[in-house]
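Here's the letter readout for the chains.
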Amino acid sequence: MVGKLFYHPDTKQEVVMAAKYKRQKTQYPGVFYHVMPRTGHKEDEKVYYIRFKRDGKQYEERVGGQHSNDMTPQRANNIRAERIEGKRESRLERQKRETEAREAEHNAWTVAKIWEYYKEIRGEWNKSLATDGYRYESYIASSFGKEQPKAIKPVDVDRWRMDLEKRNLSPQTVRHIMALLKRILNFAKNRVLCETPDFAFDMPQVDNIKDDALDAEQIDTLAKVLDEEEKRGGPYKRFAGMMRLALFTGMRRGEITNLKWEDIDWRNNLIAIRNPKGGKDQFIPLTNLSIPVLKAQKLTKSSYVFPGKDGQRLKNTSKLSRAIFDKAKLPKDYRPFHSLRHTFATVLASSGKVDMYSLQRLLTHKSPIMTQRYAKLHDEALRRSADVATSIFGGHITGEKEI
């Protein structure tokens, strides 16, 4: 019965299998059926086939069962007409396309997959990866983890941001979380992993100038507490030295815990800041106040100036630094090492003796934008200096008198 027909390659097996059943004609040319067992049922059903010629080739295809696909001779005839005109896929062509689409969907780059690749690439040198990991798992994964970047719309990000704000997170925290999502998407874009959304995030406004610098009285109180901690010895002395170094140099907590003896250039009085937050290695002056602090540290087999357990890099600093700040009765919302760094910068900026470029270099800011938070203090110091001239000149320069 099959003879020399050219069957569709995906349906040939089905047609050959049906050949053992008697072919029944319908009122429509090229449409016939076989009475065949219905899978999972006792009764048989009519299974319709179409036969047609296109592009010089003869095709014979199954189009569906009477019950299982609600197929009728008229519907089969309509399908046959569409197949002849090339307006319709065969059933198995459609199944194949849908299967390929599902496989493509499964293999597509989602935010979760991009994040895993991001961690793999950045993990070795990104010091903030642990914090980013917490932000991703806590605030991003449930909202966008399964999404392909191209599917993310501005309204999705707006609703997400508003949801974050309802959780009583600070504007700065919300901004950090949103910035992480932006970095993940930009990472995918830069590596041409997939199509990414092309719109700006509406980031929350943040007042970065939090006045957590210590005043003179607070510095004196803290100095006394640090003296007491140094007398206790052990880790207390080490933490006292770390906090003094932060106050005297403006170094970040991570820069202090990363500091190795080889990074100190005693001859030229320089400290090498390795892989700082800004990116490239930088050097800051070894001040007269910081030299005694470093020389007071006990030499061990560890290469770190302030080693942790077993000579490894010190990781947990919050407990002891917080205890020292509490002992000095400093505000609970002050972050110890950040406050000391901010105090260093504030004192220099308000002195009027340090220009903004020099302050940027001392703080190892990659961009002057971060240093601009201290510009107002610097300007006020300059105005005070100008007021000194005003008090000296008095009313002499008024256009009527001369000195």
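The structure presented is a predicted model; accordingly, all values stated were derived computationally and were not measured.

K.L.:
Mind showing me how you'd approach the overall build of the protein chain here?
P.N.:
Helix and strand counts for the protein chain stand at 16 helices and seven strands. Considering the protein chain as a whole, with its 403 residues, one finds that 38% of them fall into the buried category. Taking all contacts inside the protein chain whose residues are at least 6 apart in sequence as the whole, residues at least 24 apart take part in 56%. Taken as a whole, the protein chain presents about 24800 Å² of accessible surface, with 50% of it coming from carbon and sulfur.

K.L.:
Which parts of the structure should I look at to understand the sheet that holds strand β5 (residues 264-265)?
P.N.:
Backbone hydrogen bonds are what pair the strands of a sheet, in a parallel or an antiparallel way. Read from one edge of the open sheet, three strands run β5-β6-β7, paired in antiparallel fashion. The outermost strands of the open sheet, each flanked by one partner alone, are β5 and β7 (282-285). One ladder, built from four bridges, connects strand β6 (residues 270-273) with β7; its direction is antiparallel. Bridging from a neighbouring strand, A272 pairs with F283 of β7.

K.L.:
What is the right way to look at the nonpolar core in this model?
P.N.:
Note that soluble globular proteins tend to have their nonpolar side chains buried in a common cluster. One finds L222, L245, I256, I271, L294 and L340 to be the most contacted residues of the largest nonpolar core, which totals 33 residues. Of all the secondary structure elements, the ones that give two or more residues to this core are α8 (216-232), α9 (234-249), β6, α11 (290-295), α12 (318-327) and α13 (336-351). Top contributing element to this core by residue count: α9, with seven residues.

K.L.:
What's the story with the sheet that holds strand β1 (residues 23-25) in this structure? I'm lost.
P.N.:
Reading across from one edge, β1-β2-β3-β4 is the order of the four strands in this open sheet, with antiparallel pairing throughout. Both outer strands of the open sheet, β1 and β4 (57-65), are each paired with one neighbouring strand and no more. Across this sheet, the average inter-strand angle for adjacent strands is 35°, counted without regard to direction. Inspection of the sheet shows strand β3 (residues 44-54) paired to β4 by eight bridges, in the antiparallel sense. Counted as the bridge partner of I50 is E61 from β4. Sitting on the sheet, helix α2 (residues 73-84) touches β2 (31-37), β3 and β4, and the angle it makes with β3 is about 25°.

So, how was this worked out
- Residues numbered from 1 in each chain as written.
- Predicted model: local features only at pLDDT ≥ 70, side-chain atom pairs only at ≥ 80, totals over all residues.
- Heavy atoms only, no water.
- Helix = DSSP H or I, 4+ residues; strand = E, 2+ residues; numbered from the N terminus.
- Buried < 20%, exposed > 50% of the residue type's maximum accessible area, 1.4 Å probe, protein only.
- Contact = heavy atoms within 4.5 Å.
- Areas by Shrake-Rupley, 256 points an atom, 1.4 Å probe, with all protein chains shown as cover.
- Pairing = 2+ DSSP bridges.
- Core = buried A, V, L, I, M, F, W, Y, C linked by side-chain atoms within 4.5 Å.
- Axes fitted to C-alpha atoms, helices over the stretch in contact; angles between N-to-C directions.

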